[in-house]
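Below are the chains, spelled out letter by letter.
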Amino acid sequence: MKTRTVALLLEDRSRCHISALKHLVHYKGNPLLTSFFEQTNLLLREEISRQPQSVQGQIPDFSALVELVEKSHDDAASTVPAVEFSLSCIYQIGTLIW
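Residues numbered from 1 in each chain as written. Predicted model: local features only at pLDDT ≥ 70, side-chain atom pairs only at ≥ 80, totals over all residues. Heavy atoms only, no water.

## Focus: the overall build of the protein chain
Here is the rule we go by: Each helix corresponds to a stretch of at least 4 residues labelled H or I by DSSP, and each strand to a stretch of at least 2 residues labelled E; elements are numbered beginning at the N terminus. Per-residue accessibility, obtained with a 1.4 Å probe over protein chains only, is compared with the maximum for each type, and a residue is labelled buried under 20%, exposed over 50%, and partly exposed between these values. Note on definitions: a residue-residue contact is assigned when non-hydrogen atoms from the two residues lie within 4.5 Å. Only the protein chains shown count as cover for residues, and the accessible areas themselves come from Shrake-Rupley with a 1.4 Å probe.
A tally of helices and strands in the protein chain yields six helices and zero strands. For the protein chain, the α and β elements follow one another from N to C terminus as α-α-α-α-α-α. Looking at the protein chain as a whole, 32% of its 98 residues are labelled buried. Relative to all contacts within the protein chain whose residues are 6 or more apart in sequence, the contacts with residues 24 or more apart total 61%. Working note: accessible area of the protein chain is about 6700 Å², and carbon and sulfur atoms make up 57% of it.

Next comes the structure, spelled out in structure tokens:
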């Protein structure tokens, strides 16, 4: 039996995707996309809670993914590469789902 492998290549252009991600997180016409964003929000918050206080203090407070996306243009978020790269990956996967 043949095994099929699928690989997704995500590019690193985080700042370019922020404005497009802003529009995507507000789109409500796709239940799968909405579920992806809800689950992503929970996982991000869980991962951030596991980080040391020094790291947590650099990440803007947010209760929903849309808030983190909105705050990503602030100076505080732009100094945290993990936030930028996470949002870039979320955008790229979200566009595949959309």
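## Concerning the packing of aromatic side chains
Our working definition: Only centres within 6.5 Å qualify two rings of Phe, Tyr or Trp (six-membered ring in Trp) as a pair; their planes then separate them into stacked at under 30 degrees, edge-to-face at over 60, and tilted for everything else.
Overall, the coordinates contain two aromatic pairs when judged by the stated rule. Their ring planes at 85 degrees and their centres at 6.0 Å tell us that Y27 and W98 sit as a pair that is edge-to-face. Of this pair, Y27 sits in the loop between α1 (14-25) and α2 (31-49) while W98 is found in the segment after α6 (81-97), placing the two residues 71 residues apart along the sequence. Consider the rings of F36 and F37, whose centres lie 5.6 Å apart with planes at 45 degrees: the pair is tilted. For the residue pair F36 and F37, the accessibility class agrees, reading buried in each case.

## Examining α2
The cut-off we apply is this: Each helix should span, by expectation, one fewer than its residue count multiplied by 1.5 Å. Think of the arc as the fan of directions from the helix axis to the C-beta atoms.
Here α2 contains 19 residues, and its C-alpha end-to-end distance of 27 Å stays within 8% of the 27 Å for a straight helix at 1.5 Å per residue. Taken together, the buried positions of α2 are occupied by L33, F36, F37, T40, N41, L44 and I48. What you see down the axis of α2 is that its buried residues fit within an arc of 140 degrees, all on one side. Projecting away from the buried face of α2 at angles above 90 degrees are the exposed residues P31, L32, E38, L42 and L43.

## Brief notes about the nonpolar core
Defined as follows: Put simply, buried Ala, Val, Leu, Ile, Met, Phe, Trp, Tyr and Cys residues joined by side-chain atoms within 4.5 Å make one nonpolar core.
Residues L21, F37, L65, L87 and I90 are the most contacted members of the largest nonpolar core, which totals 19 residues. Listed by contribution, the elements that provide at least two residues to this core are α1, α2, α4 (65-71) and α6. Sorting elements by how many residues they give to this core places α2 first, with five residues. Non-local contacts of L87, meaning those with residues more than four positions away in its chain, are made with I18, L21, L65, L68, V69 and S72.

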